[in-house]
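# Coordinates in review
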Amino acid sequence: MKKPRVINVVGARPNFVKVAPLVQEMRLRGIEQVLVHTGQHYDENMSGKFFEDFDLQAQEYLGVGSGTHAEQTARIMLAFEPVLLKYRPDWLVVVGDVNSTLACTLVASKLDVRVCHVEAGLRSYDRSMPEEINRVVTDALSQLLCTPSRDATENLLKEGIAPDRIRFVGNIMIDTLYRLLPRAKNSTVVRDLELEERRFCVATIHRASNVDDRDVLARLLDALRTISTYCLCVLPLHPRTRTRIDNFGLDTSGLRVVEPLGYLDFICLVSKARLVITDSGGLQEETSVLGIPCLTVRDNTERPITIWEGTNQLVGTDTACIVAAARKVLDEALPRPAKIEKWDGRTAERVVDALLDFD
Ligand code: UD1
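Taken as a whole and assessed by the stated rule, the structure comprises 27 salt bridges. Note that Arg-123 is salt-bridged to Glu-159, the shortest N-O span being 2.7 Å. In this pair, Arg-123 is assigned in the loop between strand S5 (114-118) and helix H5 (130-141) and Glu-159 in the loop between helix H6 (150-158) and strand S7 (166-168), connecting sequence segments 36 residues apart. By relative accessible area, Arg-123 is classed as buried at 3%. On the basis of relative accessible area, Glu-159 is assigned to the partly exposed category, the value being 37%. Several salt bridges converge on common partners, so that one network encompasses Lys-18, Asp-97, Glu-119, Glu-132, Arg-135, Glu-285, Arg-298, Glu-302 and Arg-303.

With that settled, the discussion passes to the packing of helix H10 (residues 214-228) against helix H11 (residues 239-248). Between H10 and H11, the shortest axis-to-axis distance is 11 Å and the interhelical angle comes to 100 degrees. In terms of axis orientation, H10 runs roughly perpendicular to H11. Side by side, H10 and H11 meet where Arg-214, Leu-217 and Leu-221 of the first sit next to Thr-241, Arg-244, Ile-245 and Phe-248 of the second. The class makeup of the residues in the contact of H10 with H11 is four nonpolar, one polar and two charged.

How each quantity is defined
Each chain has its residues counted from 1, running along the sequence as written. Totals for whole chains, interfaces and linings use all residues, but because this is a predicted model, local features are given only for residues with pLDDT of at least 70 and pairs of side-chain atoms are given and counted only at 80 or more. Each side-chain value is worked out from all heavy atoms of the structure, with water and hydrogens disregarded. Here, a salt bridge means any Lys or Arg side-chain nitrogen found within 4 Å of an Asp or Glu carboxyl oxygen. Counting from the N terminus, the helices are the DSSP runs of H or I reaching at least four residues and the strands are the DSSP runs of E reaching at least two. A 1.4 Å probe rolled over the protein chains alone gives each residue an accessible area, and that area as a share of the maximum for its type sets the label: buried under 20%, exposed over 50%, partly exposed in between. Interaxial angles span 0 to 180 degrees and are taken between N-to-C directions of axes, which are lines fitted to C-alpha atoms, for helices over the stretch in contact. Orientation is classified from the angle alone, with under 35 degrees giving roughly parallel, over 145 giving roughly antiparallel, 65 to 115 giving roughly perpendicular, and any other angle giving oblique. Whether two residues touch is decided by their heavy atoms; if any such pair falls within 4.5 Å, the residues are in contact. Residues are sorted three ways: Asp, Glu, Lys and Arg are charged, Ala, Val, Leu, Ile, Met, Phe, Trp, Tyr, Cys and Pro are nonpolar, and all the rest, Gly among them, are polar.

Structure below.
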């Protein structure tokens with residue numbers, strides 16, 4: 001059987017974590033592949049460190065940078081089209097739900113290149129989230145949809161997607177977690193920040209709905225400040241959140257604000273934390289597998305399995321609710337690490353099997 005030629009696309013921070021095991025698996029199986037980095041994230045902290053941690057090299061860098069959603073999506077499309085024409089791959093593999101995922105899927109679909117979406121089928125059913133629009137459109141246009149959980153497969157079937165386009169492969173982020181956890185344990189980040197294991201909380205906030213509105217962001221920071229009086233909150237600050245805090249003139253006193261961390265340091269920090277408070281998608285999954293309680297400061301999640309089977313709780317954005325939930329969790333014993341079906345470190349193998357078997 002002739003092996004397919006593949007383009008893998010990355011753009012933003014969570015993509016790097018998801019594509020690393022795919023690139024490695026394709027290399028192992030002798031599949032010709034090209035890694036394209038759109039440059040949606042471009043800082044050393046948001047991108048460079050991750051390429052080092054994962055030993056990734058992009059063959060094509062599009063350098064699109066920031067902008068409004070329309071600007072960013074359009075710039076990626078314009079820059080990606082000639083790259084796709086240059087390589088003419090059999091498959092485009094996209095991951096997750098960022099603007100790069102959507103933009104490259106649109107380009108490939110119009111040029112009749114088949115698209116495989118890894119992490120297909122997640123739905124928050126909240127179209128005010130830009131990521132939800134990206135997920136719905138990417139899934140509608142992809143030929144091969146690789147889902148992380150059975151509920152994601154069900155979502156696709158409800159949307160009328162043919163069952164023979166869907167493969168339940170498991171969670172690709174967890175492949176990276178299992179592979180790099182032993183190395184992450186060697187990180188000195190906890191000592192460097194003068195923290196004590198299980199005596200601190202890790203918080204991350206960057207979702208547009210949480211940081212672009214002054215009142216919401218102020219409520220979240222108030223909650224973190226109160227929680228910090230009994231369990232210090234470490235806040236690795238996303239550039240978007242930093243800009244908003246500065247522009248709104250908000251106060252982060254009482255919190256330990258640090259730069260965004262690389263993957264190994266971040267996973268080490270989370271694995272030694274007592275609690276995580278976040279609006280990230282991937283962190284709801286990683287904390288479940290690590291057995292660290294997670295309070296998600298959103299009203300919905302596209303990853304409900306982390307609530308049903310993991311360590312995650314939705315707590316919204318009201319200061320008193322977040323503080324009450326944190327107090328309760330801090331009084332309880334640590335939960336057991338979750339064992340979720342096919343979150344076993346072998347998802348990349350199943351994705352590549354699906355690509356090779358597809359006709
Ligand atoms: C993007 C994704 C989001 C993902 C997140 C992870 C979309 C719609 N959103 O959100 O799903 O969870 O990445 O981080 O694709 N900036 C920098 N340096 C960088 C990158 C961004 O300073 O390397 C700043 C820019 O001012 C930019 C802002 O951060 O305007 C937001 O970046 P952008 O890529 O537009 O979206 P994120 O909020 O990071």
